[in-house]
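Fold and contact review
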Amino acid sequence: ALYRNFIAGAGPRAIGVGYPERVNIAFDANNMRLAMIWHNAFIDAAKHWLGRGPGYQTPLGDNVLELHDGAPLATLVDPKAPWPTQTARQLGHRFLGYRLDEHHRPIFKYRFGDVQVEDYSEPVSDKEFAPLRRTLQFTARQANKDLWFRALAAKSIDSKGNGTYLVDGQWTIKLSASHGQPLLRQTRGKAELLVPIHAESSSATVRQEFFW
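No experiment lies behind these values; they were computed from the predicted model shown.

Further remarks concern the sheet that holds strand β11 (residues 147-154). The strand order β6-β11-β16-β15 describes an open sheet built from 4 strands, whose pairing is antiparallel. Each edge of the open sheet carries a strand with a single partner, namely β6 (73-75) and β15 (183-187). Strand-to-strand twist of the sheet, defined as the mean angle between neighbouring strand axes without regard to direction, takes the value 40°. Direction of pairing for β11 relative to strand β16 (residues 190-196): antiparallel, over a ladder of 6 bridges. Across the sheet, Arg150 pairs through a bridge with Leu194, a residue of β16.

Unfilled space is identified by rolling a water-sized probe across the atoms. Per the counting criterion, the structure on display carries 1 cavity of 30 Å³ or more. Secondary-structure elements contributing two or more residues to the lining of the largest cavity are β4 (33-39), β11 and β17 (203-211). Top element by residues in the lining of the largest cavity is β11. It accounts for 4 residues. Class assignment of the residues belonging to the lining of the largest cavity gives a composition of 8 nonpolar, 3 polar and 3 charged.

Leu73, Phe138, Trp171, Ile197 and Phe210 are the most contacted members of the largest nonpolar core, which totals 50 residues. Ranked by the residues each element gives to this core, the list is headed by β11, at 6 residues. With near-sequence residues (within four places) excluded, Phe210 lies in contact with Leu34, Ile37, Leu67, Pro131, Leu132, Arg134, Trp171, Thr172 and Ile173. Residues Ala26, Trp38, Phe42 and Ile43 belong to the second largest nonpolar core, which totals 10 residues.

Bringing the sheet that holds strand β12 (residues 157-161) into the picture now. Pairing is antiparallel across the open sheet formed by 8 strands, whose spatial order is β7-β8-β9-β10-β17-β14-β13-β12. Across the chains shown, the open sheet's two edge strands, defined by having one partner strand only, are β7 (93-100) and β12. Neighbour-to-neighbour, the strand axes of this sheet turn through a mean angle of 25°, independent of strand direction. Across 6 bridges, the pairing between β7 and strand β8 (residues 106-112) is antiparallel. Opposite Phe95, over in β8, you have Tyr110 as the bridge partner.

What counts, and at which threshold
- Residues numbered from 1 in each chain as written.
- Predicted model: local features only at pLDDT ≥ 70, side-chain atom pairs only at ≥ 80, totals over all residues.
- Heavy atoms only, no water.
- Pairing = 2+ DSSP bridges.
- Helix = DSSP H or I, 4+ residues; strand = E, 2+ residues; numbered from the N terminus.
- Axes fitted to C-alpha atoms, helices over the stretch in contact; angles between N-to-C directions.
- 1 Å grid on protein atoms, 1.4 Å probe; cavity = no way out; pocket = protein on both sides within 12 Å on 5 of 7 lines; lining within 4 Å.
- Points joined across faces, edges and corners; volume = space filled by probe spheres on them.
- Nonpolar A, V, L, I, M, F, W, Y, C, P; charged D, E, K, R; others polar.
- Core = buried A, V, L, I, M, F, W, Y, C linked by side-chain atoms within 4.5 Å.
- Buried < 20%, exposed > 50% of the residue type's maximum accessible area, 1.4 Å probe, protein only.
- Contact = heavy atoms within 4.5 Å.

Structural data, given as structure tokens:
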């Protein structure tokens, strides 16, 4: 199921996706980010069926996990430089809509400069409280060693080895990248997990698996 409207925690240009495996996401088309993930019931759209449909709708299900806000990509000449605080649109990101795969699941498309991104999420299994796998494919005309993807920002991120990280002591993410090593750093009182994009070639893939 697809639901495009105001979703609390995902903004006024939110796109909700409910998968048959009872895993759900909300994508923020303003900031080109995966804003929320949750299990079980999807969403009650009744508020937006009445009158002018004012206000924001909230997820119906369980285990609602809100992810970090902000632009997904940035150029950092120094890896220690702070992540930009401007919105994705202010930094030049542009949302290009989405296309559906053979299972009618959306693949979100956006760009940053000459970098094209395809952003695809899917449940890992049909078991109860299944993990979610997110795959991002980046392509550009040439390599750019200063381009980074911010995979995560949280109060605390602890590496457990083999690309697995404990986030805020509550949930886990597994991260893999086709090029380069993720950078775990502390900045502005929070932890960030950055991945170099196009440092070695004009294409790159990043995969995240969420366990919550």
